[in-house]
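What follows is the residue order along each chain.
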Amino acid sequence: LDGHAAPLARLLAQKGIAVAALDFAGNGDSAEPFTAYDLKSMYDDIDSVIGYMQATYAIDPAKVGLVGHSMGGRAVTMHLNSGIAAAALWSPADADGLDGLEFIDHTAEGRDALRAAAGEAGSYAVPGWNVTISAEFVEQMASSHPLDELKAYQGPLLLAFAGGDTDVLSQATIDATLQAAKDRGAAFTDFSASFANTTHNYAAVSGDEKESKTIAAGIEQQTADFLIAALLPAAQ
């Protein structure tokens with residue numbers, strides 16, 4: 001969550017909610033190569049962490065909440081089911097299929113070329129990112145439909161978007177994700193208009209440190225409040 005995980009975890013822990021933050025393959029403190037980063041490994045990692053938390057802290061299976069940002073938001077969306085009590089998605093990269101790679105290439109032609117190159121070589125070095133993604137990841141993205149999962153999910157949902165998201169996500173993706181949330185037929189917490197002057201990582205567009213801290217505190221507290229209400233309604 002780009003520096004937001006630890007503060008959010010503290011807010012939740014203060015209310016008695018056990019929290020685990022995971023690093024997907026090739027990210028943070030993960031010792032795995034980035035080529036192990038794909039939708040299947042992310043799904044399995046989420047499953048493993050849920051299992052560990054339930055075994056270690058005797059967590060009620062009906063009280064599991066998930067938070068994800070950007071591609072982490074897509075991973076959480078793909079994991080939504082009746083066993084997830086609440087989900088908070090910050091700027092999820094939820095475009096269907098290969099369009100989900102729009103943060104790497106903004107054009108359909110470019111994404112098709114990326115797929116072809118990855119398929120031929122078995123991997124693809126992302127220009128300017130200093131990471132290499134696997135052909136498996138590209139193919140899994142091409143066949144994934146997170147908006148279908150979002151539409152089917154009936155649990156408490158928080159959806160946030162930032163003004164700076166359009167540097168990474170298309171407006172079409174943002175609109176389609178919000179529409180999918182509306183199509184669920186269940187109310188959701190909509191923060192799509194609450195962070196207009198922020199970057200994709202929920203910091204100040206201006207770069208001002210004080211403003212960034214205020215923005216961070218805002219989304220962290222509001223997300224914590226949402227999860228506390230969903231997971232510990234008696235605490236409200």
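Structure: see above.
Residues numbered from 1 in each chain as written. Predicted model: local features only at pLDDT ≥ 70, side-chain atom pairs only at ≥ 80, totals over all residues. Heavy atoms only, no water.

## What to know about the environment of Val 49
- Along the polypeptide, Val 49 turns up in helix α2 (residues 39–57).
- Residue Val 49 is classed as partly exposed on the basis of its relative accessible area of 23%.
- Distance in space between the C-alpha atoms of Val 49 and Asp 148 is 24 Å, their sequence separation being 99 residues.
- Ignoring anything within four residues of it in the chain, the contact list for Val 49 reads Ala 20 and Leu 22. (Helix = DSSP H or I, 4+ residues; strand = E, 2+ residues; numbered from the N terminus. Buried < 20%, exposed > 50% of the residue type's maximum accessible area, 1.4 Å probe, protein only. Contact = heavy atoms within 4.5 Å.)

## Topic: the side chain of Asp 94
- Relative to the assigned elements, Asp 94 resides in the loop between β2 (86–90) and α4 (108–121).
- No salt bridge is formed by the buried Asp 94; the nearest opposite charge belongs to Arg 74, separated by 5.0 Å.
- At a separation of 2.9 Å, a polar atom in the side chain of Asp 94 contacts the side chain of Thr 77.
- Beyond its immediate chain neighbours, meaning those up to four positions away, Asp 94 contacts Gly 73, Arg 74, Thr 77, Leu 89, Pro 146, Leu 147, Leu 150, Thr 173 and Thr 177. (Lys, Arg positive; Asp, Glu negative; His and termini not counted. Salt bridge = Lys/Arg side-chain N within 4 Å of Asp/Glu carboxyl O. Polar contact = N/O pair within 3.5 Å; in protein donor to acceptor, adjacent residues only side chain to side chain.)

## A closer look at the side chain of Arg 184
- For Arg 184, the location among the structural elements is in the loop between α7 (171–183) and β6 (189–195).
- At 9.4 Å, Asp 183 is the nearest oppositely charged side chain to Arg 184, a buried residue that forms no salt bridge.
- For Arg 184, the side chain forms a polar contact with the main-chain oxygen of Gly 155, separated by 3.0 Å.
- Discounting chain neighbours no more than four positions away, the residues touching Arg 184 are Leu 150, Lys 151, Tyr 153, Gln 154, Gly 155 and Leu 157.

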